[in-house]
Amino acid sequence: MNVNDYEIGGSRKLTSLPRAPGAPPRDLIKRQGVWLHTLISLAILAVVALLGWLIVMSGAIRWQTVWTYLFAPPVLAGFLVTLELTVLSMLIGVVLGIAAALMVRSRVRSISWVGKAYIWFFRGTPVLVQLIFWFNMSLVFPTIGFGTWTLPTNDVITPFVAALLGLGINEGAYMSEIFRAGLDSVDKGQTEAGLASGMTPSQVMRRVVLPQALIVITPPTGNQAIGMLKTTSLVSVIAAQDLLTKVQHIYATNYQVIDLLIVACFWYLLATSVATWGQSKLERSFAGADPNVVGTRRWRRGRTSDAGAGDPQKVSDHD
Amino acid sequence: MTDPILVADGIWKSFGNLAVLKGVSMSVSRGEVVALLGPSGSGKSTFLRCLDFLEQPDSGVVTLNGERVGVIETARGLYERKSHDLARQRSRLGMVFQRFNLFGHVSAIENVAMPLRLVKDLSHAEAHERAVEILGRMGLADHGHKRPSQLSGGQQQRVAIARAVALNPDAILFDEPTSALDPELVHEVLDTMSALARDGMTMIVVTHEIGFAKQVADRVVFMDGGVILEQGTAVDVLDNPQNPRTRAFLAKVT
């Protein structure tokens with residue numbers, strides 16, 4: 001489209017940038033001290049190769065075992081639970097995070113206080129402790145419900161549910177800070193313009209402020225999701241059947257600890273790599289000093305005004 | 001000019017220890033164009049914002065079409081209006097800001113159409129049609145699909161005016177609408193405003209554009225130190241100022 005595409009794409013070489021007609025070829029400017037860079041690279045390569053050689057030759061890793069368990073059904077099942085926990089607890093975290101961020105901004109002081117207390121408590125205690133807490137909830141409330149609708153707590157709060165509650169509620173406290181920063185990043189004039197147009201405060205929040213805050217909120221949320229992929233391994237202490245739990249169960253019987261941890265690392269790395277790739281794609285679509293020019297347009301293609309003046313149906317989403 | 005549409009009576013407003021407005025009163029008739037002049041810090045913008053209840057006056061009464069803005073009087077005292085009620089009142093009063101304040105995430109058309117859908121309950125198609133029509137009237141037919149960041153300052157401000165006009169308000173308040181513009185873009189915004197005035201729109205304009213005040217305003221009001229010092233026809237106030245502070249101010253800006 002224009003020069004922006006090149007800056008944002010980043011992968012194109014400087015010399016291939018479009019040149020104004022009639023302009024002379026670009027000057028070729030060479031780097032100095034290239035031999036030093038080469039030397040440093042070679043030294044790093046040697047150290048890495050040596051470390052690799054030592055690990056492989058130590059015999060501690062039985063690659064055959066790694067291979068055997070890499071696609072073993074319990075490992076794959078555990079990986080699936082890890083993914084489920086990540087997605088679901090992030091969803092809980094986002095919902096609670098929006099709620100807490102809005103509560104903190106409330107004019108009603110008691111509501112604001114509840115939001116602040118939530119953030120204070122769940123950011124102030126270790127998530128591992130919180131997980132064990134949820135897991136042992138039956139010690140505080142042996143049954144849940146009222147009247148004839150009563151169930152034993154341990155039937156309701158299974159290890160998976162305890163993991164979800166622990167991770168999700170903890171994440172909400174962190175997400176609320178991300179949302180707060182995002183909402184604060186939207187210029188106050190946007191709110192005033194919305195109010196002056198006769199929109200109610202909640203319409204202004206939903207239709208004007210939140211959509212723009214999202215641009216600021218999305219990258220750190222991706223970061224949190226990638227962190228969550230790894231944080232889920234904590235739920236192995238309450239045997240929530242995630243990837244680490246499964247791997248631990250296997251090495252508890254065959255004692256091939258390192259090999260199975262490598263299996264676990266393979267799947268964690270695969271998931272975080274895919275997530276990182278997705279995040280960088282998302283961020284690139286938000287990139288640029290002015291988020292309104294390139295990023296959001298690409299991101300919202302088909303949703304908003306890019307459809308142009310001719311098609312009223314595509315101009316905006318519904319309220 | 002005997003039909004008062006927007007009336008402010010004895011407006012006081014302080015920020016901390018600083019009294020910005022010290023009992024400002026003004027009555028604006030239907031179709032009247034009032035230019036509000038004064039040095040920076042004189043309280044012009046704060047006064048304008050009090051009329052729309054973006055700032056809550058410490059005391060004083062603002063009425064729009066005889067209805068108190070922002071508060072309800074009862075036997076037990078004053079009560080804040082519910083948010084949807086205040087929103088309904090604000091929809092009767094347009095506001096154009098110095099920094100345009102267009103919604104940054106949507107197109108020019110959508111900037112105009114969104115309030116029409118949310119506030120006037122128009123359908124998507126109706127709101128879109130009306131937005132296109134009004135932007136066309138403002139000379140922005142080719143720019144409707146663009147984002148605010150892709151428009152010049154003058155174009156942005158004209159979209160902002162279109163957004164205010166689209167709601168068909170009883171009056172439009174302009175808060176230094178040309179102060180943030182490059183000099184060569186000022187005239188296009190002033191032309192748009194002049195056209196609005198000719199169409200009979202009731203307007204209160206905080207401005208430093210003496211020429212505009214002279215040509216378009218039915219009444220010029222000079223404010224300083226939180227009070228109105230002088231008002232009258234453009235000829236009276238601008239060509240024959242009585243108050244020494246008005247004279248000093250006009251000597252500086254012209």
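Residues numbered from 1 in each chain as written. Chains lettered and ligands numbered in written order. Predicted model: local features only at pLDDT ≥ 70, side-chain atom pairs only at ≥ 80, totals over all residues. Heavy atoms only, no water.

Novice: Could you give an account of the overall build of chain B, with specific residues and numbers?
Specialist: Per the secondary structure count, chain B includes nine helices and 12 strands. By its C-alpha atoms, chain B is 50 × 50 × 35 Å across when sized along the principal axes. Of all 254 residues assigned to chain B, the portion counted as buried reaches 59%. Put simply, 64% of the contacts in chain B that link residues at least 6 apart link residues at least 24 apart. Surface summary for chain B: the accessible area is close to 10400 Å², and the carbon and sulfur share equals 48%. (Helix = DSSP H or I, 4+ residues; strand = E, 2+ residues; numbered from the N terminus. Buried < 20%, exposed > 50% of the residue type's maximum accessible area, 1.4 Å probe, protein only. Contact = heavy atoms within 4.5 Å. Areas by Shrake-Rupley, 256 points an atom, 1.4 Å probe, with all protein chains shown as cover.)

Novice: Lay out a nonpolar patch on the surface in plain terms, naming residues and giving numbers.
Specialist: All names here are of chain A. On the surface, Val47, Leu50, Leu51, Trp53, Leu54, Val56, Met57 and Trp63 cluster together to form a nonpolar patch covering roughly 870 Å² of accessible area. The dominant element in the nonpolar patch, judged by the number of residues it contributes, is helix α2 (residues 34-57), at seven residues. Here Val56 lies in helix α2. (Patch = residues over 30% accessible without salt bridge, like charges linked within 9 Å, V, L, I, M, F, W, Y side chains within 5 Å. Salt bridge = Lys/Arg side-chain N within 4 Å of Asp/Glu carboxyl O.)

Novice: Describe the packing of aromatic side chains, and please don't skip the residues or the numbers.
Specialist: Working definition: an aromatic ring pair is given by the centre-to-centre distance plus the angle between the planes. Tallied over the full model, the rule gives eight aromatic pairs over all chains. Considering the side-chain rings of Phe222(B) and Phe249(B), the 5.3 Å spacing of their centres and the 50° angle between planes classify their relative orientation as tilted. Here Phe222(B), found in strand β11 (residues 219-224), pairs with Phe249(B), found in helix α9 (residues 244-253); they are 27 residues apart in sequence, far enough to count as distant. When its relative accessible area of 1% is taken as the criterion, Phe222(B) is described as buried. By relative accessible area, which is 9% here, Phe249(B) ends up buried. These aromatic residues form a ring-pair network of at least three members: Trp67(A), Phe71(A), Phe79(A), Phe266(A) and Trp267(A). Above the plane of the ring of Tyr174(A) lies Arg123(A), whose end atom (NZ or CZ) is 5.9 Å from the centre. (Phe/Tyr/Trp six-rings, centres within 6.5 Å; stacked < 30°, edge-to-face > 60°. Lys NZ or Arg CZ within 6 Å of the ring centre and 35° of its normal.)

Novice: I'd like a rundown of the sheet that holds β11(B), residues and numbers included.
Specialist: Residues and elements named next belong to chain B. The six strands are arranged β8-β9-β10-β3-β11-β12 in an open sheet whose pairing can be described as mixed. Of all the strands in the sheet, the pair left with one neighbour each is β8 (93-96) and β12 (227-232). For this sheet, the mean angle separating the axes of adjacent strands, direction not counted, is 20°. Most of the contacts of helix α6 (residues 186-198) go to strand β10 (residues 203-206), to which it runs at about 155°, and overall it touches β3 (33-37), β9 (171-175) and β10. (Pairing = 2+ DSSP bridges. Axes fitted to C-alpha atoms, helices over the stretch in contact; angles between N-to-C directions.)

Novice: Tell me what's going on with the sheet that holds strand β5 (residues 67-68) of chain B, and back it up with residues and numbers.
Specialist: All names here are of chain B. What the four strands build is an open sheet, ordered β2-β1-β4-β5; its pairing is antiparallel. The sheet terminates laterally at β2 (18-29) and β5, the two strands that pair on one side only. Here strand β1 (residues 4-15) runs beside β2; their pairing, made up of nine bridges, is antiparallel. In the sheet register, Val7 faces β2, and the bridge partner there is Ser27.

Novice: Can you tell me about the confidence of the model for chain A, naming the residues and giving the values?
Specialist: Residue and element names in this part refer to chain A. Taken as a whole, chain A shows an average pLDDT of 85; of its residues, 84% reach a score of 70 or greater. In the model, residues 1-12 has pLDDT below 50 throughout and makes 10 contacts with residues more than four positions away in sequence or in other chains. Note that pLDDT drops below 50 for residues 288-319; the model gives that stretch 65 contacts with residues more than four away or on any other chain. (pLDDT = per-residue confidence, 0-100.)

Novice: How would you summarise the pairing of β1(B) if you had to cite specific residues and measurements?
Specialist: All names here are of chain B. Between β1 and β2, which pair antiparallel one after the other, the connecting turn spans two residues, and Gly16 there sits at a positive phi close to 60°. Note that β1 and strand β4 (residues 59-64) share five bridges and pair antiparallel. Looking at the pairing, Asp9 lines up with Val61 of β4.

Novice: Got a sec to walk through the pairing of β8(B)? Specific residues and values, please.
Specialist: Residues and elements named next belong to chain B. Going residue by residue along β8, you find Leu93 and Met95 tucked away on one face and Gly94 and Val96 tucked away on the opposite face as well. Of the pairings in the sheet, the one linking β8 to β9 comprises four bridges and is parallel in character. Paired with Gly94 across the strands is Ile172, a residue of β9.

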